[in-house]
Amino acid sequence: MRKTADNGNFEIFAIAFILLITIVIIFERCNSQTITEKKVAEKYCSSCHLFPEPSLLDKTTWEKNILPAMAPHLGIRYFLDSPYEINDEIKRNAVNNAPQGQLINISAWKKIIDYYKENAPATNLPQNRQPIQKFTDQFKIAEPLPDEGNPSVSYIKIDEGNQWIYTGTAADSSLNIYNAKLQLLTKQNVHGIIVDMQFNTLLDKSGERSGIFTNIGIMNPNDLKAGTADSFYINKDGAQFYQQQVLSHLPRPVAITKADLDKDGMQDYLVNGFGNTTGALYWMKNEGNKQYQQNTMRPFPGAIKTYIDDYNNDGLPDIMALMTQAQEGIYLFTNKGNGSFDTKTILQFPAVYGSSYFELDDFNNDGYKDILYTCGDNADYSSRALKHYHGVYIFINDGKNNFTEKYFFPIHGCYKAIARDFDNDSDLDIAAISFFPDSKNQPQESFVYLENKGLSYFSKSFQFEPYSIKAFNEGHWLTMDAGDIDGDGDEDIALGSFNPPPKELERAPKDSTKPSFLLLVNKTKSKASQ
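Being a predicted model, the structure only gives us computed values, none of them experimental.

Thresholds applied
- Residue positions are given per chain, counted from 1 along the sequence in the order it is written.
- Whole-chain, interface and lining totals are the exception, using all residues; otherwise, since this is a predicted model, local features are given only for residues with pLDDT of at least 70 and side-chain atom pairs are given and counted only at 80 or more.
- No hydrogens and no water enter the side-chain calculation; it runs on all heavy atoms of the structure.
- Only DSSP runs of H or I reaching four residues or more are called helices, and only runs of E reaching two or more are called strands; each is numbered from the N terminus.
- Relative accessibility thresholds used throughout: buried, under 20% of the residue-type maximum; exposed, over 50%; partly exposed, between the two (1.4 Å probe, protein chains only).
- Contacts are assigned to residue pairs with any non-hydrogen atoms lying within 4.5 Å of each other.
- Residue-level accessible areas treat just the shown protein chains as cover; the underlying method is Shrake-Rupley with a 1.4 Å probe.
- The pairing test for Phe, Tyr and Trp rings, Trp by its six-membered ring, is centres within 6.5 Å, and the orientation test on the planes gives stacked under 30 degrees, edge-to-face over 60, and tilted for anything in between.
- Ring-over charges, as used throughout, are those where CZ of Arg or NZ of Lys falls within 6 Å of the ring centre and within 35 degrees of the ring normal.
- A helix is expected to span 1.5 Å for every residue after the first.
- Identification of polar contacts relies on pairs of N or O atoms within 3.5 Å, with a donor-acceptor requirement for protein atoms, meaning one able to donate a hydrogen and the other able to accept it, and with residues adjacent in sequence counted only if both atoms are side-chain atoms.
- Criterion used throughout: strands pair if DSSP finds at least two bridges between them.
- With axes taken as lines fitted to C-alpha atoms, and helix axes fitted only over the stretch in contact, angles between N-to-C directions fall between 0 and 180 degrees.
- For this classification, under 35 degrees means roughly parallel, over 145 means roughly antiparallel, 65 to 115 means roughly perpendicular, and everything else is oblique.
- Throughout, a crossing is termed right-handed when the near helix is turned clockwise from the far one, and left-handed when it is turned anticlockwise from it by less than a right angle.
- Classification convention: Asp, Glu, Lys, Arg as charged; Ala, Val, Leu, Ile, Met, Phe, Trp, Tyr, Cys, Pro as nonpolar; all other residues, Gly among them, as polar.

Chemist: Report on the overall build of the chain, specifying residues and quantitative values.
Modeler: Each helix and strand counted, the chain has 5 helices and 30 strands in total. Burial statistics for the chain: of 530 residues in total, 52% are counted as buried. Of the contacts made within the chain by residues no fewer than 6 positions apart, 53% connect residues no fewer than 24 positions apart. Roughly 25900 Å² of accessible area belongs to the chain as shown, and the carbon and sulfur atoms make up 50% of that amount.

Chemist: For the packing of aromatic side chains, give the residues involved together with the corresponding values.
Modeler: All chains considered together, the criterion is met by 30 aromatic pairs. Between the aromatic rings of Phe-435 and Phe-436, the centroid separation amounts to 5.1 Å while the plane-to-plane angle is 85°, which identifies the pairing as edge-to-face. By relative accessible area, which is 7% here, Phe-436 ends up buried. Plain terms: the ring middles of Phe-462 and Phe-464 are 6.3 Å apart, the flat faces sit at 45° to each other, and that makes the pair tilted. Residue Phe-462 is classed as buried on the basis of its relative accessible area, which comes to 7%. Residue Phe-464 is classed as buried on the basis of its relative accessible area of 10%. One aromatic cluster in this structure is built from Phe-349, Tyr-353, Tyr-373, Tyr-389, Tyr-393, Phe-395 and Phe-408. Its guanidinium or amino end placed over the ring of Tyr-331, Arg-298 lies 3.9 Å from that ring's centre, counting from NZ or CZ.

Chemist: With reference to specific residues and values, describe helix H4 (residues 106-119).
Modeler: Taking 1.5 Å as the rise per residue, H4 with 14 residues should run 20 Å; its terminal C-alpha atoms sit 20 Å apart, in good agreement. Among all positions of H4, only Ala-108, Trp-109, Ile-112, Ile-113, Asp-114, Tyr-115 and Tyr-116 are buried. Looking at where H4 begins, the residue whose side-chain oxygen comes 3.2 Å from the main-chain nitrogen of Ser-107 is Asn-105.

Chemist: Which residues make up the sheet that holds strand E25 (residues 429-434), and what values do they have?
Modeler: Overall, antiparallel pairing links the 4 strands, which are arranged E24-E25-E26-E27 in an open sheet. With partners counted over all chains shown, the strands left at the sheet margins are strand E24 (414-420) and strand E27 (462-467), one partner each. Shown here is a sheet whose adjacent strand axes are inclined to one another by a mean of 25°, direction ignored. Judged from the 6 bridges that link them, E24 and E25 form a sheet pairing that is antiparallel. By the bridge assignment for E25, Ala-417 is matched with Ala-432.

Chemist: Describe the packing of helix H2 (residues 59-70) against H4, with residues and values.
Modeler: Packed helices, taken two at a time, are described by the angle their axes make and the gap between the axes. Remark: H2 packs on H4, axes separated minimally by 9 Å, with the N-to-C direction vectors making an angle of 155°. Judged by the inter-axis angle, H2 sits roughly antiparallel to H4. Read as a crossing pair, H2 and H4 show a hand that is right-handed. Here H2 contributes Lys-59, Trp-62, Glu-63, Leu-67 and Met-70 to the contact with H4, which in turn contributes Trp-109, Ile-112, Ile-113, Tyr-116, Lys-117, Glu-118 and Asn-119. Considered class by class, the residues forming the contact of H2 with H4 number 7 nonpolar, 1 polar and 4 charged.

Right under this line is the structure:
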């Protein structure tokens, strides 16, 4: 009997051992297969942009939206004997950018699909914070009378010296000037859509204004070269206005800056040619007699914001730029003289981030400009996904233009952030807007005021207290500016509302009874005087 029991134990042990070996082999094969799938995904999914990790989006969005949009760029039109069901925009992009042949075989394409389906979360990850529940009483809300039709403010600017507010409106191609009481002083048809204005002088003194404005051409995504740069003049009363075209046939420009980039004594133009599937960051060399030569710095779409400064203290103007399409990131272009520039990658972001804006501000008072960055442009193939990495970031400068993330505050669809000392306590606070907030669960994140509470003693990280305003739902905030419009010594905020037609953005509200912009009048100084 003992011998029989021993044999039984041996058989059980042998079976268990075989099962263990089988499980190990299966696991190793699966792990090997996953590694292979990842290598294929990394090879093809990082050829045009930073590799997107599966965790950035849910399984359905990868399978139904992102991968079908990527397929035409690799020459794939069919999968499993069925054509991809893609929308009109993807079809247009596919026609414009399709390679001559198939760049990937179906076996490799299936590995990419399997990799994202197997490793992406079932649902998008949530924000790692509580919903914003507090409303600040620091600002008094003022608004002009509603315009006819949907608000369509494409640009807003506070002129402190004249105590004016400029707005560009897309619906009627006009430039409007309001006084501090929000009374309309003048309305001028500029025959274009203003998205930026550069002034020849500072706006701290009253008087006439001149400079250039950027006309984007057609606001909807397109690759037409319909944009222009126009010079303008406004008299000291805001009553007289004239413009003259300086540059034309620009690829959907969003900002144009005048500067002598090659130090030859003549003013050149730096063009943020945002485009759509094509576009470029380039500068137009002034050759005299109103003739300009184009010099491309980065031949890709998505240039949205640039700063010109001498970042290496060699006496030559350098450029820092944010690119927001495909190869999203911040780049430093160091001027080498004679119109040539070296390129350094400062920061890179995955293409699904939707980079939208950046500023240069000194948050830790060490004498070096840090980066305030936002991402949240959600008008893309994953537009229905709420993304936990959207929001406001601070990257600290080590003094050598190397930047490290120091702070992040999640805001769905964040579009812009401005750092100012809004409460006059000698540190930088942040005002942020969202064009794509979580309108169902947290619509109040459409405007967020982050009050700076200083550095945490234990973590040595920035601490900000989040607030919204009770008028958060009065508009669909596309643009924002800050400045002391009433001359009382504190920073006020202007918010511009843009309601695109529903066919462009399905979630856009339509309400002609709401104002085109809000003025948030800062009460800090008045409180201090009490």
